[in-house]
Amino acid sequence: MPKFTKKDRPRRTRSKTTKTGVVAGGSGDDDMVVDDTLSVCSNVSDGTSIYDDTEAAAVTTNEVILSSDNLEEKLDSAIEGLRNKDLKTRESSLRSLQVIFSQKFIPELVSDRSESLTEQLIACLKKGNESEGKLAATVATLFYIQLGEPNDEGFQQFRDALLPVLRDETKSASLRRSYAQAVGMICFIASEDISSTVDLMKTLEAIFSKSYLLNDGTSPILTHDVQELHAAALSSWCLLLSTMPNNHAHDLVRLYAPEKIPGLIESSDADLRNQAGEAIAVLYEIAQEINSIFAEPPESLLTTLDKKATDSVKYKGKKEKRLQRATFREIFNFFAEGTSPQFTIKFAREVLEISSWTGRLYYNGFSGLLGTGMNVHLKENSFLRSVFNLDDLEAEESQKAKGNRFER
């Protein structure tokens, strides 16, 4: 049973097909600043993107890899390159796979090579090398977006390769951040075992819990890289929270919504503050959907959100302050006025409408991975279409037979 069918909740995203459309942001906030190079859907810093510094390398090789019609040969060549003993050769092959998997939807070709890809990617991940590991984590996640099917055995294989490095505090925070993002997304796509998902959430919480408030009410002093790791772990935790059955979701809201996650709002790191704010919105959105008795936030939380929405601390940069105010004003209005994020994405002749915090969480996660290939996958990838409740009009006939894993 697809795990999203285990929870009886209303749909969080809507879509419609039109012949014309304009991408529009959901906020009319004067303080809202949108970087022209980023998606209009997000007002949150891109600091936890899996792409990071690997994206630039992928973009520069994009035209070279995809300009040829012989894509299957290039795919085989890249997979074979992962076996090479030379680190540079393996990294080059990983970049090639990153471009192919993000810009093209080729599930049949990928499925036919899944055994070899799994073996080689796990070998790259286990080496724990900084640059190779980050690339392998990205490619492994894109690999599962290509497959888009439940595979608990495959998830366990990748989980067992990712978790030892993720837990190893002697490894760099940047590498561990990539692994935290990858293991969360792979679990989201491939795992149907609730107990495995809960165990992974506990592992992720053990990481970001080190940013919880201390006994004296102050935030721990941590480096920027470590706080970025905590933000990534929280994002993955939140992604998996959205897959929980109602009884599990109720318990998680009860445990984390009143104090634990709100305490992260006081972090000195902007990305972690904003991620914590959105996690709170997702928690209470789910609480409302399942009619939890904990669906009403305490007054102290509303006061904190309002304070962050109007923060004017001078030592913070202008862009950071505007981003925080825009983010927390939207979150505060969710509680005060019952409003949710509203924005649309035009692709081909369709328009995807996002109208919930969970929907925005999904869109930010997948678009951060797929980059400019997001529209291709929205049009052709039946798994991604099912996540966003898009109908099958634009999907390939061969993909229709797989059904919608996320139907309620």
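Each value, and the rule that gives it
- Counting starts from 1 at the beginning of each chain's written sequence and moves along it residue by residue.
- Under the rules for a predicted model, residues below a pLDDT of 70 receive no local features and side-chain atom pairs below 80 are neither given nor counted, while totals for whole chains, interfaces and linings still include all residues.
- Side-chain descriptors were evaluated using all non-hydrogen atoms of the structure, hydrogens and water having been removed beforehand.
- Three labels apply to residues, based on accessible area from a 1.4 Å probe with only protein chains included: buried if under 20% of the type maximum, exposed if over 50%, partly exposed otherwise in between.
- Helix and strand labels come from DSSP, where a helix needs a run of H or I of at least four residues and a strand needs a run of E of at least two; each type is numbered from the N terminus.
- Strands qualify as paired when DSSP identifies two bridges or more between them.
- Multiplying one less than the number of residues by 1.5 Å gives the expected span of a helix.
- Definition of a polar contact: a pair of N or O atoms within 3.5 Å, with one able to donate and the other able to accept a hydrogen when the atoms are protein atoms, and with sequence-neighbouring residues admitted only if both atoms are side-chain atoms.
- A carboxyl oxygen of Asp or Glu within 4 Å of a side-chain nitrogen of Lys or Arg is what we treat as a salt bridge.
- In this analysis, two residues are considered to be in contact whenever any of their non-hydrogen atoms come within 4.5 Å of each other.
- Between N-to-C directions, angles span 0 to 180 degrees; the directions come from axes that are lines fitted to C-alpha atoms, helices contributing only their stretch in contact.
- An angle below 35 degrees is read as roughly parallel, one above 145 as roughly antiparallel, one from 65 to 115 as roughly perpendicular, and any other as oblique.
- Helix crossings get a hand from a simple test, with the near helix turned counterclockwise from the far one by less than a right angle marking a left-handed crossing and a clockwise turn marking a right-handed one.
- Put simply, Ala, Val, Leu, Ile, Met, Phe, Trp, Tyr, Cys and Pro go in the nonpolar bin, Asp, Glu, Lys and Arg in the charged bin, and everything else, Gly too, in the polar bin.

## Some remarks on the pairing of strand β2 (residues 343–347)
Right, on to step 1. Counting buried positions along β2 gives 4 out of 5 residues, so the element sits mostly inside the fold.
Right, on to step 2. When β2 meets strand β3 (residues 350–354), the two strands line up antiparallel, connected through 5 bridges. Its bridge partner lying in β3, Lys346 is registered against Val351.
Right, on to step 3. Connecting the antiparallel pair β2 and β3 is a turn made up of 2 residues, with Ala348 showing a positive phi of about 50°.

## Examining helix α13 (residues 270–289)
Right, on to step 1. The end-to-end C-alpha separation of α13 is 29 Å, in line with the 28 Å expected for 20 residues at 1.5 Å each.
Right, on to step 2. In terms of burial, α13 is largely enclosed, as 19 of its 20 residues are buried.
Right, on to step 3. A distance of 3.2 Å separates the backbone nitrogen of Asp271 from a side-chain oxygen at the start of α13, and that oxygen is part of Asp269.
Right, on to step 4. In the segment just after α13, Asn291 is the residue with positive phi, at about 55°.

## As for the environment of Glu353
Right, on to step 1. Along the polypeptide, Glu353 turns up in strand β3.
Right, on to step 2. Owing to a relative accessible area of 16%, Glu353 belongs among the buried residues under this scheme.

## Focus: the pattern of salt bridges
Right, on to step 1. Counted by the stated rule, this structure contains 14 salt bridges.
Right, on to step 2. Between Asp160 and Arg159 there is a salt bridge whose closest N-O contact spans 3.3 Å.
Right, on to step 3. Of the residues examined, Asp160 reaches a relative accessible area of 46% and is grouped as partly exposed.
Right, on to step 4. A salt bridge links Glu278 to Arg360; the shortest N-O distance between them is 2.7 Å. With Glu278 in helix α13 and Arg360 in helix α16 (residues 357–370), this residue pair connects regions lying 82 residues apart in the sequence.
Right, on to step 5. Here Glu278 falls in the buried class, since its relative accessible area comes to 7%.
Right, on to step 6. Three or more residues joined by partner-sharing salt bridges are found here, namely Glu72, Asp76 and Arg113.

## Let's talk about the environment of Ser267
Right, on to step 1. Mapped onto the fold, Ser267 is located in the loop between α12 (260–263) and α13.
Right, on to step 2. Ser267 has contacts with Ser219, Gln227, Leu272 and Arg273, leaving out every residue within four places of it along the chain.

## Digging into the packing of helix α3 (residues 87–103) against helix α5 (residues 114–127)
Right, on to step 1. The N-to-C vectors of α3 and α5 enclose an angle of 125°; their axes lie 12 Å apart at closest approach. The angle between α3 and α5 places the two elements in the oblique class. Between α3 and α5 the crossing geometry is left-handed. Where α3 approaches α5, its residues Arg90, Leu94, Leu97 and Phe101 are matched on the opposing element by Leu117, Leu121, Cys124 and Lys127.
Right, on to step 2. Along the lines of polarity and charge, the residues of the contact of α3 with α5 split into 6 nonpolar, no polar and 2 charged.

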